[in-house]
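What follows is the residue order along each chain.
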Amino acid sequence: MKKLFSMFVSVFLCFTGIQAQNVTVAEPDFSDQTLFLTSDTSAVKLVRENAVLKTKAGASLYLFGIGKVKSRLTLKGNRSLSKVRGGSTVRLIIRADDNKTDPVSFINIFRLEQTGSERRYQLAEAGTLSKTEVSNLSNIEYDAKKYGESSYLLTLTGLKRGEYGILIGDPNSENTKNTMKVTTFSVY
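Residues numbered from 1 in each chain as written. Predicted model: local features only at pLDDT ≥ 70, side-chain atom pairs only at ≥ 80, totals over all residues. Heavy atoms only, no water.

Peer 1: For this particular structure, what's the right way to read the overall build of the protein?
Peer 2: Within the protein, the regular secondary structure consists of 2 helices and 14 strands. Burial statistics for the protein: of 188 residues in total, 37% are counted as buried. Long-range pairs, those at least 24 residues apart, make up 71% of the contacts in the protein between residues at least 6 apart in sequence. As presented, the protein carries roughly 11,700 Å² of accessible surface, and 55% of it is formed by carbon and sulfur atoms. (Helix = DSSP H or I, 4+ residues; strand = E, 2+ residues; numbered from the N terminus. Buried < 20%, exposed > 50% of the residue type's maximum accessible area, 1.4 Å probe, protein only. Contact = heavy atoms within 4.5 Å. Areas by Shrake-Rupley, 256 points an atom, 1.4 Å probe, with all protein chains shown as cover.)

Peer 1: It is not clear to me how the pattern of salt bridges should be interpreted in this structure. Could you clarify?
Peer 2: Pairing is possible between side chains of opposite charge, provided their charged atoms come close. Taken as a whole and assessed by the stated rule, the structure comprises 5 salt bridges. The salt bridge involving Lys 54 is made with Glu 118; its shortest N-O contact spans 3.1 Å. Residue Lys 54 is located in strand 4 (residues 52–57), and its partner Glu 118 is located in strand 9 (residues 118–127); the two are separated by 64 residues in the primary sequence. Using a relative accessible area of 15% as the deciding quantity, one classes Glu 118 as buried. (Salt bridge = Lys/Arg side-chain N within 4 Å of Asp/Glu carboxyl O.)

Peer 1: Help me understand unusual backbone geometry in this model?
Peer 2: Both trends apply: most residues other than glycine have a negative phi, and most peptide bonds are in trans. The phi dihedral of Asp 32 is positive, around 75°, even though this residue is not glycine. Relative to the helices and strands, Asp 32 is located in the loop between helix 1 (2–20) and strand 1 (34–37). A residue is classified by how much of its surface remains accessible, and Asp 32, at 11% relative accessible area, is buried.

Peer 1: Even after reading the chapter, I still don't get the pairing of strand 8 (residues 107–114), so can you show me in this structure?
Peer 2: The two faces of the sheet receive side chains in turn, since in a regular strand these alternate between them. By the bridge criterion, 6 bridges tie strand 8 to strand 13 (residues 162–168) in an arrangement that is antiparallel. Directly across from Leu 112, in strand 13, lies its bridge partner Glu 163. Here 2 bridges tie strand 8 to strand 9, and the two strands are oriented antiparallel to one another. Directly across from Glu 113, in strand 9, lies its bridge partner Arg 120. Between strand 8 and strand 9, which follow one another and run antiparallel, lie 3 residues. (Pairing = 2+ DSSP bridges.)

Peer 1: Would you explain the sheet that holds strand 2 (residues 43–45) in this entry?
Peer 2: Neighbouring strands of a sheet are bound in pairs by backbone hydrogen bonds; such pairs are parallel or else antiparallel. Strands sit in the order 2-1-7-12-11 across an open sheet of 5 strands; the sheet is antiparallel. The open sheet has two edge strands, strand 2 and strand 11 (143–147), and neither has a second partner. Recorded for the sheet is a direction-independent mean angle of 25° between the axes of neighbouring strands. For strand 7 (residues 89–95) and strand 12 (residues 151–157), the ladder comprises 7 bridges, and the chain directions are antiparallel. Paired with Arg 95 across the bridge in strand 12 is Ser 151. (Axes fitted to C-alpha atoms, helices over the stretch in contact; angles between N-to-C directions.)

Peer 1: In this structure, what is going on with the pairing of strand 1? I would like to understand it.
Peer 2: Of the two faces of strand 1, the one holding Thr 34 and Phe 36 and the one holding Leu 35 and Leu 37 are both buried throughout. Note that strand 1 and strand 7 share 3 bridges and pair antiparallel. Within the sheet, the bridge partner assigned to Phe 36 lies in strand 7 and is Leu 92. Bridge analysis of strand 1 against strand 2 gives 3 bridges, and the strand direction is antiparallel. Across the sheet, residue Phe 36 finds its bridge partner in strand 2, namely Val 44. Between strand 1 and strand 2, which follow one another and run antiparallel, lie 5 residues.

Peer 1: Hey, could you run me through the packing of aromatic side chains in this one?
Peer 2: Geometry of an aromatic ring pair is reported as the spacing of the ring centres plus the angle between the planes. For the coordinates displayed, the defined rule picks out 3 aromatic pairs. Plain terms: the ring middles of Phe 110 and Tyr 121 are 4.7 Å apart, the flat faces sit at 50° to each other, and that makes the pair tilted. One end of the pair, Phe 110, is in strand 8; the other, Tyr 121, is in strand 9, with 11 residues separating them in the sequence. Exposure class is identical for Phe 110 and Tyr 121. Each is buried. Taking the centre distance of 5.5 Å and the plane angle of 15° together, the rings of Tyr 164 and Phe 185 count as stacked. Highlighted residues: Tyr 164 in strand 13 and Phe 185 in strand 14 (residues 181–187), separated in sequence by 21 residues. On the basis of relative accessible area, Tyr 164 is assigned to the buried category, the value being 2%. Under the relative-accessibility criterion, Phe 185 is labelled buried at 0%. (Phe/Tyr/Trp six-rings, centres within 6.5 Å; stacked < 30°, edge-to-face > 60°.)

Right, dumping it as structure tokens:
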């Protein structure tokens, strides 16, 4: 009797576990839109913001000719309008033109540094006496699966409180109109 009961419980837990993974949210309407899953059946669209590329040289470069120049992707405001509850897992649906390409090659998720009135991410640093360092923006690792006809379901684990950005490239061609558009969200 105990074996039968434990087998029934195991089958029930497996079945409910499978059901919990069954996401039924519709794909975003347009390419480059991102949805945050609040449950398996509902989602919220994340905001896209215009970024500015700022390059700044240190004072020592001007005074002594020795120093560093930093280039940063910068967003106005110190917080995103999109708020996401932190926890063990954050799931996103990102629509692309198609879902035939490995998303790691063109979807970059990164943590933003918060300052008084802006959020920023350092893209490159060059020094007169040091090597040039260029960031590849792929700071946050994620698991990805194809979702629907043209989207990806991304699962991120262990996100800390703070500000995050998503840059979505176009794997099929050079997309110049979206290079400075960043999807943002705050983890609280």
